[in-house]
Amino acid sequence: MSSHGIRDRVAIVGMGCTPFGEHWTRSADDLLVDAVGEAVSSAGITLDDIDAFWLGTQASGVSD
């Protein structure tokens, strides 16, 4: 069987999310660190076990 990149070798093993709300005293980076900590904890792994991160946000840091 030929390989087609990593598409058949990727797994989502944990998930982290910051609570919805007004976080006026926290930066997007602060919230990201919290979410990554949750994801690592939920997966039962350490940061050394991770090869890559992918992040999804909606309008992070955008203001009127």
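Residues numbered from 1 in each chain as written. Predicted model: local features only at pLDDT ≥ 70, side-chain atom pairs only at ≥ 80, totals over all residues. Heavy atoms only, no water.

J.: How would you explain the overall build of the protein chain if you had to name every residue and give the values?
T.: Looking only at helices and strands, the protein chain has 1 helix and 0 strands in total. Considering the protein chain as a whole, with its 64 residues, one finds that 5% of them fall into the buried category. On the protein chain, roughly 5,900 Å² of surface is accessible, and the fraction owed to carbon and sulfur atoms is 55%. (Helix = DSSP H or I, 4+ residues; strand = E, 2+ residues; numbered from the N terminus. Buried < 20%, exposed > 50% of the residue type's maximum accessible area, 1.4 Å probe, protein only. Areas by Shrake-Rupley, 256 points an atom, 1.4 Å probe, with all protein chains shown as cover.)

J.: Describe the pattern of salt bridges, and please don't skip the residues or the numbers.
T.: As a working rule, side chains carrying opposite charge can pair if their charged atoms are close by. This structure, assessed with the given rule, holds 1 salt bridge. Here R26 ties to D34 by a salt bridge, and the two come within 2.8 Å at their closest N and O atoms. Taking relative accessible area as the criterion, D34 reaches 34% and is therefore assigned partly exposed. (Salt bridge = Lys/Arg side-chain N within 4 Å of Asp/Glu carboxyl O.)

J.: With reference to specific residues and values, describe helix α1 (residues 28-43).
T.: Side chains that are three or four residues apart share a direction in an α-helix, a result of its 3.6 residues per turn. Across its 16 residues, α1 extends 22 Å between first and last C-alpha, which sits within 8% of the 22 Å expected from 1.5 Å per residue. Those residues of α1 that sit buried are L31, A35 and V40. For α1, the arc enclosing every buried residue in end-on projection is 170 degrees, short of the 170-degree limit, so these residues lie on one face. Residues of α1 that are exposed and point more than 90 degrees away from the buried face comprise D29, V33 and S41. Among the residues trailing α1, G44 stands out with phi positive, at a value near 70 degrees. (Expected span 1.5 Å × (residues − 1). Arc of directions from axis to C-beta.)

Note that every value here comes from positions in space, so none of it alone points to a role or purpose.
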